[in-house]
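What follows is each chain in one-letter form.
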Amino acid sequence: MDGLRAAVVGVGMIGGLHARIYAEDPRTCLAAVVDPDEERARGAAEPLGATWYTDTETMLTRESVDLVSIATREQDRFTPAVVCARAGKHILLEKPIAPTFREAQRLVAEIEAASVQATVNFILRSDPRYLRAKAAVLDGTIGEPCTFFARRRG
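Rules used throughout
Residues numbered from 1 in each chain as written. Predicted model: local features only at pLDDT ≥ 70, side-chain atom pairs only at ≥ 80, totals over all residues. Heavy atoms only, no water. Pairing = 2+ DSSP bridges. Helix = DSSP H or I, 4+ residues; strand = E, 2+ residues; numbered from the N terminus. Axes fitted to C-alpha atoms, helices over the stretch in contact; angles between N-to-C directions. Contact = heavy atoms within 4.5 Å. Salt bridge = Lys/Arg side-chain N within 4 Å of Asp/Glu carboxyl O. Buried < 20%, exposed > 50% of the residue type's maximum accessible area, 1.4 Å probe, protein only.

A. Quick peek at the sheet that holds strand β5 (residues 90-93). If you walk across this open sheet you meet the six strands as β3-β2-β1-β4-β5-β6, and the pairing is parallel. Only two strands of the sheet have a single partner each, and these edge strands are β3 (51-53) and β6 (118-120). For this sheet, the mean inter-axis angle between neighbouring strands, taken without regard to orientation, is 20 degrees. Strands β1 (4-9), β2 (28-34), β4 (67-70) and β5 of the sheet are contacted by helix α1 (residues 13-24), whose axis makes an angle of about 150 degrees with β2.

Structure representation (structure tokens):
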């Protein structure tokens, strides 16, 4: 495999999607998944041909990965994200990146200090509908916005 080797930390519903997509994308190889629930970790990894772990640090010592998706509960994202950043791994974070602004600031500082790439998994960033809305705001088509409300369904 010449593509990126990926790991996923937290394989609940969203993390399971990350794992499946990495496994199916010809540009990536799903190397490992991590979840503190051994049964969940094994259940996510085995059908996709990946190795499973219950601890992020152990996975990092045993696997060669280029990037890690952090898809744990928001209150559990800080520690694995910092461990991965300090290990020199690029990170894809689910949102929100932290439960508090202060913790988000600490996480960003840790990522910057580690000089790794990190991004937030905001899947609508390139959606044409949202791009048109952004353009309408930027070019003044809709005037100066003061409040936005949006709801995304299904």
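Text resumes after the structure shown.
B. Layout of the pattern of salt bridges. Summed over the entire model, instances satisfying the criterion amount to 10 salt bridges. Between Glu-110 and Arg-86 there is a salt bridge, with the nearest N and O atoms lying 2.8 Å from each other. With Glu-110 in helix α5 (residues 101-114) and Arg-86 in helix α4 (residues 78-86), this pair connects stretches of sequence that are 24 residues apart. Among the residues examined, Glu-110 registers a relative accessible area of 21% and is labelled partly exposed. We classify Arg-86 as exposed; its relative accessible area is 61%. Residues Lys-95 and Glu-94 are paired through a salt bridge, measuring 4.0 Å at the closest nitrogen-oxygen approach. The partly exposed category is assigned to Lys-95, whose relative accessible area is 39%. By relative accessible area, which is 8% here, Glu-94 ends up buried.

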